[in-house]
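# Commentary on secondary and tertiary structure
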Amino acid sequence: STFMNKNNYAIIMAGGVGSRFWPWSKTEKPKQFLDVLGTGKTLIQQTYERINRICPRENILIITNGLYADTIAEQVADIPRENILSEPKGRNTAPCIAYGAFKIQRHNPNANILVAPSDHVILKEDLFVKVVEEAFNYVQENEVLLTIGIDPHKPETGYGYIQSTGNVIKESPGEWQLSEVSAFREKPNVEKAKEFLESGDYFWNAGIFVWSVRTIIRSFEKHLPTMHSQFDAFETDYNTKNEEAAVR
């Protein structure tokens, strides 16, 4: 759809954020900055363009570590420079998501946010866009935290899995289904992975999340109160010159 909802936001997680997203941090040029498919575009460029089909560019934040900010500014040239954020110390996924969420909330309290890693290879781009649009609509109407899992086609041991209750809330047969999460499972051994595959209720955990800014901040309040109050104390500093000083 050419009409882009101004409430659609994205946080692209690009580096230094936990080993699951970032097993390559020792190398000179991490995988996200390479053209791994030989398409003439690096993974982060593909990620940005894919998300830019759903979210206006001024609504896309990229969270990285200071090391990569310039490389990202070069590779994703049309994103406003202030949208490239160096991660707060802590290096964990949750503070980075909180950092992005509070920043977005100041801009737009009705925002819905997609969180995605920068180094995914996604071949069915049209389906991805369709699923994210569905997800945005759903989280706008329902106070839920939504994650996008991938239907496994082999007993993969390199990913964590999301177990579904099997209770389908909504679906588009052959494309996607929406169901409740029963549990998040660690990376399995081969036997376990085969069981997961056969059961039909397990999906690869891709580290992709969708939620409204209201719901995620409420969840932080409830489940991570100390972290929430740290960000809350700085709330007036978001989107101001003091921001850099506040998060360090």
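The following paragraphs examine the structure supplied in this document. Since the model is a prediction, treat every value here as computed from it, not as a measurement.

The subject of this paragraph is the overall build of the chain. Of the regular secondary structure elements, the chain holds 9 helices and 8 strands. Taken across its 248 residues, the chain has 48% of its residues classed as buried. Of the contacts formed within the chain by residues at least 6 apart in sequence, a portion of 72% connects residues at least 24 apart. For the chain, the accessible surface area stands at approximately 12900 Å², while carbon and sulfur atoms represent 49% of it.

The next subject is the side chain of Ser164. The residue Ser164 is located in strand 6 (residues 161–172) in this model. In terms of polar contacts, Ser164 uses its side chain to reach the backbone amide nitrogen of Gly166, at 2.7 Å. Setting aside residues no more than four positions away along its own chain, Ser164 makes contact with Ser179, Glu180, Ser182, Asp201 and Phe203.

A word on helix 5 (residues 125–141). A rise of 1.5 Å per residue sets the reference length of helix 5, with its 17 residues, at 24 Å; its end C-alpha atoms lie 25 Å apart and thus fit the reference within 8%. Within helix 5 the residues assigned to the buried category are Phe128, Val129, Val131, Val132, Ala135, Phe136, Tyr138 and Val139.

A word on the packing of aromatic side chains. Considering all chains together, one arrives at 5 aromatic pairs under this definition. Of the aromatic side chains, those joined through ring pairs into one cluster are Tyr161, Phe196 and Tyr202. One cation-aromatic arrangement involves Arg50 over Phe128; the distance from NZ or CZ to the ring centre is 5.7 Å.

A large share of strand 2 (residues 60–64) lies buried, amounting to 5 of its 5 residues. Neither face of strand 2 is open: one carries Ile60, Ile62 and Thr64, the other Leu61 and Ile63, and all of them are buried. Relative to strand 2, strand 1 (residues 8–14) is paired through 5 bridges, and the arrangement is parallel. Following the sheet pairing, Ala14 is matched in strand 2 by Thr64. A crossover links strand 2 with its parallel partner strand 3 (residues 84–86), the connecting element being helix 3 (residues 69–75), and its sense is right-handed.

Over the atoms, a rolled probe matching the size of one water molecule traces out where space is still vacant. Put simply, the second largest pocket is a space of about 590 Å³. Thr93, Ile97, Phe184, Phe209 and Trp211 are the residues nearest the centre of the second largest pocket, which is lined by 22 residues in total. For the lining of the second largest pocket, the secondary structure elements donating two or more residues are helix 1 (18–21), helix 4 (93–107), strand 5 (146–150), strand 7 (176–185), strand 8 (202–212) and helix 7 (213–223). By residue number, the principal contributor to the lining of the second largest pocket is helix 7, which donates 4 residues.

A few words now on a nonpolar patch on the surface. Together, Leu34, Val36, Leu37, Val121 and Leu123 line one region of the surface with nonpolar side chains, adding up to about 440 Å² of accessible area. Structurally, the position occupied by Leu34 is in the loop between helix 1 and helix 2 (43–51). Leu34 sits in the partly exposed class, given a relative accessible area of 33%.

At their nearest, the axes of helix 4 and helix 7 sit 10 Å apart, and the two run at 130 degrees to each other. By the angle between their axes, helix 4 is oblique relative to helix 7. Between helix 4 and helix 7 the crossing geometry is left-handed. Only Val213, Ile216, Ile217 and Phe220 of helix 7 make contact with helix 4, whose side of the interface consists of Ala94, Ile97, Ala98, Ala101, Phe102 and Gln105.

The rules behind the values
For every chain, the first residue of the written sequence is number 1, and numbering continues from 1 along that sequence. Under the rules for a predicted model, residues below a pLDDT of 70 receive no local features and side-chain atom pairs below 80 are neither given nor counted, while totals for whole chains, interfaces and linings still include all residues. The side-chain values count all of the structure's non-hydrogen atoms but skip hydrogen atoms and water molecules. Secondary structure elements are taken from DSSP: a helix is a run of H or I of four residues or more, a strand is a run of E of two residues or more, and numbering for both begins at the N terminus. A simple rule labels every residue: compare its accessible area, found with a 1.4 Å probe on the protein chains alone, to the largest value its type can have, and call it buried under 20%, exposed over 50%, or partly exposed in between. Two residues qualify as a contact provided that any one of their heavy atoms is within 4.5 Å of a heavy atom in the partner residue. Every accessible area reported is derived by Shrake-Rupley at a probe size of 1.4 Å, with residue values counting cover from the shown protein chains alone. Contacts described as polar in this section are N or O atom pairs within 3.5 Å, which, within protein, must combine one atom able to donate a hydrogen with one able to accept it, while residues neighboring in sequence count only if both atoms come from side chains. Helix span, expected: 1.5 Å multiplied by one less than the number of residues in the helix. Aromatic rings from Phe, Tyr and Trp, with only the six-membered ring used for Trp, were paired whenever their centres fell within 6.5 Å, and each pair was classed as stacked if the ring planes differed by under 30 degrees, edge-to-face if by over 60, and tilted otherwise. Two thresholds decide whether a charge sits over a ring: the Lys NZ or Arg CZ must be within 6 Å of the ring centre and within 35 degrees of the ring normal. By definition, two strands form a pair when at least two bridges between them are found by DSSP. Seen with the strands pointing away from the viewer, any crossover whose path from the first strand over the helix to the second strand runs clockwise is right-handed. In this analysis, the protein atoms alone were mapped onto a 1 Å grid. Cavities are point sets where a 1.4 Å probe fits without being able to get out; pockets are open sets with protein on both sides within 12 Å along at least five of seven lines; lining residues have an atom within 4 Å of a point. Grid points are joined across faces, edges and corners, and a volume is the space filled by probe spheres set on the points. By definition, no residue in a patch forms a salt bridge, and every one has over 30% relative accessible area; like charges are joined within 9 Å, nonpolar side chains (Val, Leu, Ile, Met, Phe, Trp, Tyr) within 5 Å. Whenever Lys or Arg places a side-chain nitrogen within 4 Å of a carboxyl oxygen from Asp or Glu, that contact is recorded as a salt bridge. In this description, a line fitted to the C-alpha atoms serves as the axis of each element, helices being fitted only across the stretch in contact, and the angle between N-to-C directions of two axes falls anywhere from 0 to 180 degrees. Should an angle lie under 35 degrees it is considered roughly parallel, over 145 roughly antiparallel, and from 65 to 115 roughly perpendicular; all remaining angles are considered oblique. What makes a crossing left-handed is the near helix being turned counterclockwise from the far one by less than a right angle; a clockwise turn instead makes it right-handed.

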